[in-house]
Each structure stands twice: as C-alpha cells, then as structure tokens.
Protein chains: 4
Amino acid sequence: MEDKFSVRTDLALESYQMNKDSNLDGIEIKTQSFDDIQVTIVKITNANGEKKLSKPIGNYITIECPKLVKNNVKYREQIIKILSDNINKLLENKKHDNVLIIGLGNWNITPDALGPKVISKVLVTRHIKNFIPDELKNSVRCVSAISPGVLGITGLETFEVVKGICEKTNPDLIFVIDSLAARSSSRINSTIQLSNTGISPGAGMGNKRVALDKKTLGSEIISIGVPTVIDAATLVNDTMDKILDAMRDACEKNFERDFLDTLNNIDSMQKYSMIKNILDPYEENMFVTPKEVDEVIERLSNIIANAINISLHNSINLNDINRFICK
Amino acid sequence: MEDKFSVRTDLALESYQMNKDSNLDGIEIKTQSFDDIQVTIVKITNANGEKKLSKPIGNYITIECPKLVKNNVKYREQIIKILSDNINKLLENKKHDNVLIIGLGNWNITPDALGPKVISKVLVTRHIKNFIPDELKNSVRCVSAISPGVLGITGLETFEVVKGICEKTNPDLIFVIDSLAARSSSRINSTIQLSNTGISPGAGMGNKRVALDKKTLGSEIISIGVPTVIDAATLVNDTMDKILDAMRDACEKNFERDFLDTLNNIDSMQKYSMIKNILDPYEENMFVTPKEVDEVIERLSNIIANAINISLHNSINLNDINRFICK
Amino acid sequence: MEDKFSVRTDLALESYQMNKDSNLDGIEIKTQSFDDIQVTIVKITNANGEKKLSKPIGNYITIECPKLVKNNVKYREQIIKILSDNINKLLENKKHDNVLIIGLGNWNITPDALGPKVISKVLVTRHIKNFIPDELKNSVRCVSAISPGVLGITGLETFEVVKGICEKTNPDLIFVIDSLAARSSSRINSTIQLSNTGISPGAGMGNKRVALDKKTLGSEIISIGVPTVIDAATLVNDTMDKILDAMRDACEKNFERDFLDTLNNIDSMQKYSMIKNILDPYEENMFVTPKEVDEVIERLSNIIANAINISLHNSINLNDINRFICK
Amino acid sequence: MEDKFSVRTDLALESYQMNKDSNLDGIEIKTQSFDDIQVTIVKITNANGEKKLSKPIGNYITIECPKLVKNNVKYREQIIKILSDNINKLLENKKHDNVLIIGLGNWNITPDALGPKVISKVLVTRHIKNFIPDELKNSVRCVSAISPGVLGITGLETFEVVKGICEKTNPDLIFVIDSLAARSSSRINSTIQLSNTGISPGAGMGNKRVALDKKTLGSEIISIGVPTVIDAATLVNDTMDKILDAMRDACEKNFERDFLDTLNNIDSMQKYSMIKNILDPYEENMFVTPKEVDEVIERLSNIIANAINISLHNSINLNDINRFICK
C-alpha cells in the first residue's frame, strides 16, 4: 500500500463499471442473459483500454449468477454448460495436445484454496496417455495438473515453479485457476471471470510478482477466477466514500455549502491514514469473506473442474475414458 | 441482526472499555505487566456488572501480546507460562480427576479452526489411564478431547453433543476452546481470553444457541478464546462512526452548528441500512481476518495446547508420561 | 491376540464361505446377479447360525463388484442404485422421521477414513427442517451426521459419544458406516456389506469394545461397511496355510507319509509364534492395503453417500430440496 | 513385477545384511552406539559394491532406534541431535547458500505422507532473505521447500517438477525426504536412512522412474528416508521362505531326504505364482503398515524437520531468526 490508496478489484467488469469516463476507445462490451445468469464480455482492444481498466489486452468473460451463493442444483448444471461453452469459444477449436492446469493459492486459507481444490478434481491423463486405445485417443487430451503453493509456504515464486514445469513438459495450453478479490460484496462467490490474458502481478489473493501469461510462459493461457474476498482496506475505503456521499447529498439538500467544502477537502491522504488506523497493525493485509466460505468453495471448485473436464475431453466418451483411466 | 445494529465483541475487556459509564458497581479490574505482555483481569461480581458488560458473572483474564501476531519464539514460551499459571489460578488447586476438552468451531474455515487444532495437540490419556504405573498416577490427569463440529456440518447443536458426552463420562472439569470475534483489529490474534464462565449463546464465530456453562453442563468450566476475526458489519459500523466523529470535530472547529445537527440526526436505523447495503447479500454473515491467518492459528493452537498440557499434568514427569503413554 | 490365532474377517459372506460344515441350520443364502455385480444375502436366523458365523442374528447383504477397484463410471451408477434399493428393503417402508448417520474410523489413516468421508458428503437437514416449506416436507427426512473419532484420538469410547447423542436427539434410525477387514485380497475395496445388525465389538479397523446395535442404542440400525484392509497377521497365517497345503499335496502325490505327519503336527501354537516373529514388534497391529487406497476411498465414499441420500429423500424432489437447503 | 520375484528393500543396511557373500570388496561398514540408538554407516566405494547391494556408490547412514515406534520424548531429542550431526558430516562444512528441500510422496496416503509433512514443518527463508539484517545473515541459509506430488495425482514425473525448479532457482544443496519400504517389520518407523546419493528409480513407496541425484540435478544432494511400509509381496515371500526353512530343518532332523528334495525343488516361479494368487488382483500393489501410522508419521516428520532446521541455521540464533522471519 503506497501513500495513496487505490481500490482493489481483479474483475475487468468492475474496473469497467468504476470507470465513469464515457470515452470507450479500446473497450468493447457485450452482454447475454440466460434466466438468472448474466454473461458480460469485456474486450480490451488497445493500449488505451488497458490503461483505463488496468488490465492487459484480451477478452474477459464474466458469468454472474447470484444464485451461486446458495446450493442450487438447477443453476449449477447451467453454469457448468455456460462456462465450458465459453472456454471452448476462447479455445477457438484449436487442437491442444498437451494441457497443464495450474491451481494458484494457499490451500491452508479457505477462500484462497479454490485453485488447489479444482486441481484435486480435474481429470489427469498425461501419465496414462500411452495406454489409451487408439479409438479413444481423439476424445482424450493429455492433461497434467499441479498446485504450486504460495511464496510464504515454499519460498518459491509461483512463476519459478510454473515456468520450470513448462520448460520440462512444453504444454501448448495452460489453465490458471485463482481466487480473486472483488470490490462489491454482491459479487463474492457469485461471479466467475474467464479470460485469455493470464494472471497479472498482484492479482488474486496473494502477491504474485511476475505475470503468468502467454509472453512469459510461451503457451496459450486461459485463466478462471472467482472473487472470494474483498480487501478489507477496500471495504473500509468504500464505506467512507458511501457515508461521505450521503453527507454531500445532505449538504446540498440543506444548502450547507460551507461544510460541503470541508467534505470535499478530505483528501485521499486523510482517508488513507484513517484506513491504516482502523486496520492497524494489518494495513493492507486483511480480507473480508462470508461465513459459509467453506461450502461455497467446495461447490465452485466442482463447477470449474467439471467445466474444464467437459471442455477438454469428448464428453460422449467420458465414461469410456474413465473406465480406461484407472485400469 | 435485528433492526438496530449492535457491535459485536466476545472480549469482556473490550466490553469494559466500550463502557463509558463511570459507575463500576459489579466490575473489578486488575492489571499486570510482563515485558510486552499485559494481563488484565475483569471480574464481574453482580447482576449490574453482568448487564453493563453483557457477560455473565465470573472472571475474565485477558492476556495481550502484540508480538503474538509474529512468530516470536521468545514471547511464545513466556505466554505459555502466563497462560498455564492463570489456568492454575482459576482451578484453585482443586484436584480434578476427569477432564474433558472441547474444541468448538468449524475445521473447514481457517480462522474458526482454532478449537479443533488445539484438540489435535493436547495430550489425551483417558483410554490408557488404567495402564499407567502407580508412581505416575498422581502426575497424570485423565483427559479426553473432542471437536463436536458445527450445526451447519452435523445438523446437531453443539450443546446436544457436549451434554450427551458429559452425561456418559461425567467430567469434573471442562475446557472449551473457541475462536472469538473482537471489535478492534489490534486485538486479532494477539489476545487470549481465559474465563471461568463458559461460552454464552452467540459467542464465538458460529451461532451457539445454548450456553455451555456450569449450570447447563454440571461441571466446572474454563473457556479459552482468541479473537481471530472482526464481524464485517462491526467493522463497517465502526468505520462510519470514525468518519462521523471526524466530521463532528470539523464542525465544532468551524462552528458549523447546523451541520452538526444533521450529523447527530443520522440515527442507528440509517446507519444499519447503510451497513446492510454495503454487505449485501451477506448482511451479518461476513468476517474480516488477516491474510496470514493460517500460520497464526497454527502457532496459537500450539501455545494453548502446551499451556493446557502443562496445567493438567505434572510437568516434571511429562517426559515419563509421554514415554508411557504410547507404549 | 490370544495364544491361539484366529483369522479376522468382518464379512458374513466370508465367514459363511470359510465354514465347511454342511449343516446350514440357522443360515439362509440367496444370490442375485446384475451384469458384473453379484448380490448375496446371508440371513442368520437363530443362535446356531450366530455361533457358526460369529455374527449376530440378522440380514447381511453383500454387493460384490470387482470393477469397483477401478474408476468405472458405468458400474458406479448401477451400484448406487443397487445399494439404495437394498437400503430401502431393509427399511421396509417404515417412515423414519429422525435419522442419525455415524461415520466410524480414524480420519488420519487413509483406509480407515471411509466413514468420516461419507459423513462429509451426506445431505444434513436437521438444522433447517423447520424452514422447509410444507409441500417438500414429505420428501425430506430430518438427518444429522457425525464422525465421533477413535479412542486413540479422543480418549472416548465410540459408544459413549454415540449413545450420548442418541439420548439427546432420539433418532429412530441410525446408519453406521465403517471400514472393515476382509480375509481375501480380492474383496478389498470391491465389496459393500449392508446389514441390519449394527457393529459388534472388534469389527472394523479399530477396536470397538461395546456393540453399536438396536439393543444398546434403542433405534433401528443399518450398517454399511467396505473391507479396505486385510489384517497382516491373517495374511501371514493364510500364506502359511497355502504353502502347507501345497506341501501336503506334494507329500500325498509322492507317498511321503512320514513327512505328512510332520506337516500335520505343526500346531497352531507354532504357527502363531511364527506370525508374531514375522510381524515383530507389531503383532496384531499391522494391516495390508492397496497403494491406490486414496482414490478408492474417495470413490466409495461418493457411492455410499449418494445411495444414502437417494434412500432417505425423495429423489424426484432432490433438486428442490437442495435449492431450499442452502437458503 | 517380472516373472522372477525380487524382494524389496530401500535400506542399504538390509541389502548388506541380506548379502551372505563374504567378499566385501567395495563395501565398508562402521557402527556406533548411543544408549538404545545404533548408527551404522555403509560405504559403497566401487562398482562391485554397487552391484552387490543394488545401490549407487555413496555413504548410507542408518540410525536405528526401536523406541522411535513409541512416543518417547527422551529419545526424540537425542535422535534429532544424532541426525543433525550426521547431516553436518555429510555436508563437510561446505557453505551452501541456496538450499532446496523436496518432500516426495503422496499426501493422501498416510505412510507415504512423510515427505510432504516434513515440508510443512521446515523453516523456509528464501523469500525473506533480503530483509534479514546483516548481523544475522551468516546464521541463516536461504531455504525453499516444495512437495511435488506424485505421478498419479499430477500426471507429472517428480523429476520434471524438481528439475524445472532447479533450473530456475539453482540450489547448491538439495534435500530429498521420502517414505521407504523395508523388508523387516522391526525396521518400520524405527529407522532413519541418510545418504548422499539421492533417490534411485523405484525407491520409495511410489514409482519414480528417473533418479534424483547429483548427476541429474546438478547439485549436492542429501536424502533422508524412513521405512514406513513393507511391500506385501515381500512379506508373503518372506513368510513362505520362513516356513520352508522350518520344513527343511524338520526334514534334516528327521532324515527325510526325499522330501528335502521336493522342498528344494520349489522354484522361484512357483513361489511367485503363489504370491500373485494370494494378493490377486493387486499383485505388487499392496503394502503393509502399522495401525498407528498416523501418530508415528507426525512424530517422525517433527524429528526430521527439526534436525534439518538445526543443521541449516545457526541454532544459537534460531530465536532471533524466528523473530525476524515473520516480521
């Protein structure tokens, strides 16, 4: 946290909505609706869009379903389908022969364990690829999967572990799964963001310092993230803003112009020092998450693992593959 | 959460400090200092004190050590000693022959897993008591230990499980270990509260509905809790209060009496509706916790388990006991 | 282990097959086949049958499917159906209003963790029963579920914990899930035993000392067990018997009558002392299990949890229930 | 398993003891005793020794303590000291600046989880090395640590993960921790083998296919292993041999020369087919382990992690380091 506080969101959609600028050069938006599920595609097409949304050029698909917060079987099936369809769209029918799935995050912290949980549920086939009969070979992709852990546990940068494995195994497609931070509580655990841009430094719950993207890893990359926390500092900041806005409204209504000036003079430094004071001694190191985070992470990891399995393997033959895999 | 919001703290010390009333009828305070460790004893002695601090009559010992947040070996040894000394004081040299240790909380949620983690580390002897040689029998107490889980996982009230076990095994001393909610971030993971009053409904991270105390369980009870979270609604409320206080100061300094009235007219209903709006759809169901919560819970559970082991068994012979126990 | 060694099996079917006696007074056998799945019902009907098979009077349904050892999706669905159908038969269309599911075993030892894993996957409804709308009430039963742990971890007898909970919550039906020991490696992880007799002392991987049955707990009981291990002493004993049998055959073929006497004179004491010597210092405390035990326990716990969920709740409305449950 | 069965042991000491050949060209033995602890150093010095013991040239230090099987605090401290002293001897006072610790094995299978458990307990410093004050820098080594998982979980060869990390981080010393298979039950969980030769293909509980050694990884390597299992096929084979030996003794005593011929004619093929038959359908894929394996793995991982911590960091300053590390 520098001397000036900046709100934290890993969602391109939130960045877009926070951006009040009407000039949308470099940004394209499309939306679709399915019952209670909303899909929004944010395309960042040039450097101007990158700068405005603080995200690299690429496609960001946001699937929003408030019902995800509850254990709703009906929506689960539908979201798995929407997610796998959108993965397939990003893959553009390319035939990838060697897929690596990376589950980022700390398995010891419930809301950060999404990535490792997905890894424990995806179908891994690379070690049995040579034993699969010819007639099934076209329906099964070669998949490996690993959770590299976090810097505080291993002393290793995520990038060092992932890059090392890439150089040894040469995947042509990489999935990266991560827990994200959102700004708004209404998005926590109800939103899945899919993109073809990889993970940038500082995204996710931990502190990545090197990007995991096509440029650094040398392979196509698809990242899937779910906001599971709000940064506590962001929550405190937004709470202040809300009450200051309420004050401003009151001032204007009551023609108390003098005090409006006072309010408008509260600068970011003052607010930042108040945030630090409220969260002392943790400053930027606290997060906010729902009490039922354990159940939701379990469900979300099932949804994402299922969608990946369906996208990567020919689902018609999935039973046959399963039968073969554990021979 | 009812229509009027009330701040949440499980610490008697915070209740006391929040209480601006100068009439201390029913409350006694004592403090001690050891290097960077502060011990405060709050005694609630009558119904007046109970009402004022919203806690039952009894002794609440708060051990505060800001260094606990870090992995500081030096302080760890000292805190284990202070904690076990204070447990012994509460036990008043009574000889308990049959001790049951209960670890409350949800093992799937990192900051709520303190109780279960302590259970996995205390010395359990009840099943081998009959095999211990006579010369060691006076140094070893009969100890059993269980984590009953939480209502959302088992469908059982904690009280139903614990009371059932008590009726079958008749312990004469019960320890209850729990994760607590504090109001101030500076107390998170740096404070241990020890009391002889049991756990009241609503205390801890979950939603206990029946008290676990001497009256309901029929045995002496010692509870040990560490605040590992802040209720998100409490954090948002306190943030609002802080900024409103800052406004009030500004108003008074600038003689803006009119606006001061406006500020003072913001009632609890308005604030509560703002809190609900900010945390929607989670309302009272979010918590705030530090990012390194996994490491801290590990350390704190070691400290508490060690202190209990030292209090219950004659430490001079602890090696001999250990040698015997796993024969 | 007493001075005379006795082979260990928890399967009534194995007891029956080991019994060479042709007098079947007190024992009835029925078999059914579905593709590669074999269902055998052993009914013990009187004290004579009890004595012969060392199991209490009752029905023992054994579902055998060698393909279970592999991850075979096709058979999985079929076994869930056969298992839930047989649970329903044992329930005899009685309407139980309050079901308790008990997962026996040690969650820290992979092949003993079957019970606790099932508990983590069954649908628990008791705490939300009052919130379920009237139109769904007939399709949902009130279910609670707990893993009581093992004596070595808690210092508490399984019976003490379970009996206490029963007295507080008065279930009218109890499920007990446990890991079993078989005699033959071909049955490990490929067989599910279902019975209406509860768990007797010494059954399962651990050392239960009090029966969990209708008489001791006061409710209907259904036990579901899977043999996940062979007792190492039983394996060593059976290996000896096999080689001795081979010797005997050789002797008879070669008319070496003298040595046949020698062989026949090897008494159980000598064999037992050899077993102790081979397994020293562990004697009866070692078990044998397959290397892929982690994957198989995961799959088997899914199968059993699904079968219980389908038996207890009206599956047509299972989606609606799910939708409601996490409201 | 090929058509001829070969017994499985990962301990050089057992290989040596199984070797009845009196020609010790290429093998040197030294022993030391400390109370109930026995230390044996097997040095393999040339190709002849390699062939005879089926282990590569190098030093194998075996620390045997039967009391390790029990929770004996007295021996624990002593073994930590002996282990760290012997690690230091293998390090020959070289100053390694960058240490990588690898925990092999499957964390989901209790006796194979030793490596991952050690990883969770060693002091990791690489990520904070730059923040350590100058006066402590000489007492702290830069350490990273990772559990790469097993082929069946990740689809990645252990070597691919480890080699990749080595190329990115250039450690000058690598520790490899693994669960081993012994031949004799008396060595299970009571023996620690330390060597400077790395891990060869097929060693440990899993199926490594590429060696992790100085040649393949390019760094000094120290491996620490504890036998936690016996291969079930080896146990069955040895049981057969014992009873055949007993028969042979009986034959010789009774002058039954004819049958002695019969016994001696039982060839390895016949024995191997009997082993396959007894363990069907698992063949070489079963292991034998003690029932208390969970507690022992916990204790052994503490011992090994402590010994490594003491060897790598200046223990006098260990408190200061700890204080700093979590700043």
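Residues numbered from 1 in each chain as written. Chains lettered and ligands numbered in written order. Predicted model: local features only at pLDDT ≥ 70, side-chain atom pairs only at ≥ 80, totals over all residues. Heavy atoms only, no water.

Asker: Describe the environment of F5(A), with residues and values.
Answerer: Residue and element names in this part refer to chain A. Looking at the element boundaries, F5 is found in the segment before α1 (12-18). Given a relative accessible area of 13%, F5 falls into the buried group. It is 24 Å that separates the C-alpha atoms of F5 and S22, two residues lying 17 residues apart in sequence. The residues touching F5, leaving out its near neighbours within four places in the chain, are A233, T234, N237, Y272 and I275. (Helix = DSSP H or I, 4+ residues; strand = E, 2+ residues; numbered from the N terminus. Buried < 20%, exposed > 50% of the residue type's maximum accessible area, 1.4 Å probe, protein only. Contact = heavy atoms within 4.5 Å.)

Asker: An account of the domain arrangement of chain A is requested, with residue identities and associated values reported.
Answerer: Residues and elements named next belong to chain A. Structurally, chain A comprises domain 1 (2-234 + 284-324) and domain 2 (235-283). Look at where the C-alpha atoms of domain 1 and domain 2 centre, and you get two points 35 Å apart. At the interface, 15 residues of domain 1 touch 11 residues of domain 2. Here domain 1 meets domain 2 over a buried area of about 1,100 Å², counting both sides, of which 56% is carbon and sulfur. Where domain 1 packs against domain 2, one counts one salt bridge. Listed by contribution, the elements that provide at least two residues to the side of domain 1 that touches domain 2 are β8 (220-231), α9 (232-253) and β9 (286-290). With three residues, the top contributor of residues to the side of domain 1 that touches domain 2 is α9. Classifying every residue of the side of domain 1 that touches domain 2 gives seven nonpolar, two polar and six charged. (Domains from an automatic or database assignment. Buried area = accessible area lost by both parts, 1.4 Å probe. Salt bridge = Lys/Arg side-chain N within 4 Å of Asp/Glu carboxyl O. Nonpolar A, V, L, I, M, F, W, Y, C, P; charged D, E, K, R; others polar.)

Asker: Which residues make up the side chain of T158(B), and what values do they have?
Answerer: Assignment of secondary structure puts T158(B) in helix α7 (residues 158-169). Not counting residues within four places of it along the chain, the set of residues in contact with T158(B) comprises L104(B), P148(B), G149(B) and L212(B).

Asker: Describe in detail the interface of chain A and chain B, supporting the description with residues and values.
Answerer: Listed as interface residues are 51 residues of chain A and, on the opposing side, 51 residues of chain B. The tally of links between chain A and chain B comes to zero salt bridges. Summed over the shared surface of chain A and chain B, the number is 19 residue pairs in polar contact (both at pLDDT 80 or more). Mapped by element, the contributors of at least two residues to the side of chain A that touches chain B are β8, α9, α10 (257-264), α11 (268-279), β9 and α12 (293-312) of chain A. When its residues are assigned to classes, the side of chain A that touches chain B shows 28 nonpolar, 13 polar and 10 charged. Direction of pairing for β9(A) relative to strand β9 (residues 286-290) of chain B: antiparallel, over a ladder of five bridges. Counted as the bridge partner of P290(A) is M286(B) from β9(B). (Polar contact = N/O pair within 3.5 Å; in protein donor to acceptor, adjacent residues only side chain to side chain. Pairing = 2+ DSSP bridges.)

Asker: Now, about the nonpolar core: what can you tell me, with residues and values included?
Answerer: Soluble globular proteins tend to bury their nonpolar side chains together. Ranked by size, the top nonpolar core spans 55 residues in total, and within it L279(A) and L279(B) carry the most contacts. In this view, L279(B) contacts S185(A), L235(A), A232(B), A233(B), V236(B) and M286(B); residues no more than four positions away in its chain are not counted. Counting 53 residues, the second largest nonpolar core, distinct from the first, contains I243(C), C251(C), L279(C) and V288(C). (Core = buried A, V, L, I, M, F, W, Y, C linked by side-chain atoms within 4.5 Å.)

Asker: Explain the layout of surface pockets residue by residue, including any values.
Answerer: Put simply, the second largest pocket is a space of about 630 Å³. Along the wall of the second largest pocket there are 24 residues; nearest its centre are V7(D), M18(D), R183(D), D238(D) and D241(D). At the level of elements, α11 (268-279) of chain C together with α1 (12-18), α9 (232-253) and α11 (268-279) of chain D are the ones that each hand at least two residues to the lining of the second largest pocket. Of the residues in the lining of the second largest pocket, the class split is seven nonpolar, seven polar and 10 charged. (1 Å grid on protein atoms, 1.4 Å probe; cavity = no way out; pocket = protein on both sides within 12 Å on 5 of 7 lines; lining within 4 Å. Points joined across faces, edges and corners; volume = space filled by probe spheres on them.)

Asker: Please give an account of the relation of the copies chain C and chain D that cites residues and values.
Answerer: Mapping chain C onto chain D calls for a screw motion: a turn of 180° about the axis and a shift of 0.0 Å along it, with 0.1 Å RMSD after fitting. Put plainly, the chains are arranged around a two-fold axis. The rotation axis passes nearest to the C-alpha of V288(C) in chain C, at a distance of 2.2 Å. Looking at chain C, 100% of its interface residues are interface residues in chain D too, so the copies touch through the same face. (Least-squares fit on C-alpha atoms with pLDDT ≥ 70 in both.)

Asker: For the packing of helix α9 (residues 232-253) of chain B against helix α11 (residues 268-279) of chain B, give the residues involved together with the corresponding values.
Answerer: All names here are of chain B. Contact pair α9 / α11: the axes reach a minimum separation of 10 Å and the direction vectors enclose 125°. Compared by their axis directions, α9 and α11 come out oblique. When you trace α9 past α11, the crossing you get is right-handed. Every residue of α11 that contacts α9 at A232, A233, V236, N237, M240, D241 and L244 is listed here: K271, M274, I275, I278 and L279. (Axes fitted to C-alpha atoms, helices over the stretch in contact; angles between N-to-C directions. Parallel < 35°, antiparallel > 145°, perpendicular 65-115°, else oblique. Left-handed = near helix turned anticlockwise from the far one by under 90°.)

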